[in-house]
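# Descriptive structure summary
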Amino acid sequence: LAWTVAPGRRGDAWVGTDVGLSHYVDGHFEFISSRIGLDNVRVRTVLEDSTGAVWFGTQGRGAYRYRNGDLKEYSKSKGLSGNVVKAIIEDSQGRIIIGTDKSVDILENGELVATPEPIVALGAITSSVVHEDAQHRLWIASDAHGLHVFEKGALRTYTLADGLPANRVL
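To keep things clear, this report deals only with the structure shown in the data block.

What counts as what
Residues numbered from 1 in each chain as written. Predicted model: local features only at pLDDT ≥ 70, side-chain atom pairs only at ≥ 80, totals over all residues. Heavy atoms only, no water. Helix = DSSP H or I, 4+ residues; strand = E, 2+ residues; numbered from the N terminus. Pairing = 2+ DSSP bridges. Axes fitted to C-alpha atoms, helices over the stretch in contact; angles between N-to-C directions. Salt bridge = Lys/Arg side-chain N within 4 Å of Asp/Glu carboxyl O. Buried < 20%, exposed > 50% of the residue type's maximum accessible area, 1.4 Å probe, protein only.

The backbone of Asn40 sits at a positive phi, close to 55 degrees, despite the residue not being glycine. You can see Asn40 is positioned in the loop between helix H1 (32-36) and strand S5 (43-48). Here Asn68, not a glycine, exhibits a phi torsion of approximately 50 degrees, which is positive. With respect to the helices and strands, the residue Asn68 is situated in the loop between strand S7 (63-67) and strand S8 (70-74).

Shown next, in the form of structure tokens:
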């Protein structure tokens, strides 16, 4: 079962499945997970960043960066807020933003930096989608805690009371 597809920088694609990470190039799939020793890992999100590194988030084993044959793990035991990773983006400053089952984490040059206090103050939220818009606002969609927008050091939360629809069948 495929969970995510992300474009590569050379007309290729990265695919996350219930059994790992695959790379689609020149009409063929290459199963990357077995080559890097991560068989049977559920990949929920994937991103090829502006440097060509491939980032992928897993269901229960944290996130990984794969670059030039090297694999680096980012997990709760290594400082990440949680091991269920549902979202990974690269923002306009080149930082990697990771949405986990516990919060949002930020990496600069491959190293974790402090998450802004207003985001930390949300407590344990599952960040299912993270997006940076053209005004450089960080949008954080939570499974059960509304929609949050972080801008210029402040956080705004939108809920049903603000007109955010929920549980609507289309």
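Still more ground to cover, so stick around.
Attention shifts here to the sheet that holds S5. Strand order in this open sheet of four strands is S5-S6-S7-S8, and the pairing throughout is antiparallel. Only two strands of the sheet have a single neighbouring strand rather than two, namely S5 and S8. On average, each strand axis in the sheet is inclined to that of its neighbour by 20 degrees, with strand direction left out of account. With five bridges connecting them, S5 and strand S6 (residues 54-58) associate as antiparallel partners. Within the sheet, the bridge partner assigned to Val43 lies in S6 and is Thr58.

Let us now look at the pattern of salt bridges. Counted by the stated rule, this structure contains eight salt bridges. Close ionic contact of Arg42 with Asp18 constitutes a salt bridge, the shortest N to O distance being 3.7 Å. On the criterion of sequence distance, the pair formed by Arg42 in the loop between H1 and S5 and Asp18 in the loop between strand S2 (13-17) and strand S3 (20-25) is long-range, its members being 24 residues apart. The exposure class of Arg42 is partly exposed, given its relative accessible area of 42%. Residue Asp18 is classed as partly exposed on the basis of its relative accessible area, which comes to 24%. Residues Asp133 and Arg137 are paired through a salt bridge, measuring 2.6 Å at the closest nitrogen-oxygen approach. Its relative accessible area of 13% is what places Asp133 among the buried residues. Within the structure, one salt-bridge network assembled from shared partners comprises Asp18, Arg42 and Arg44.

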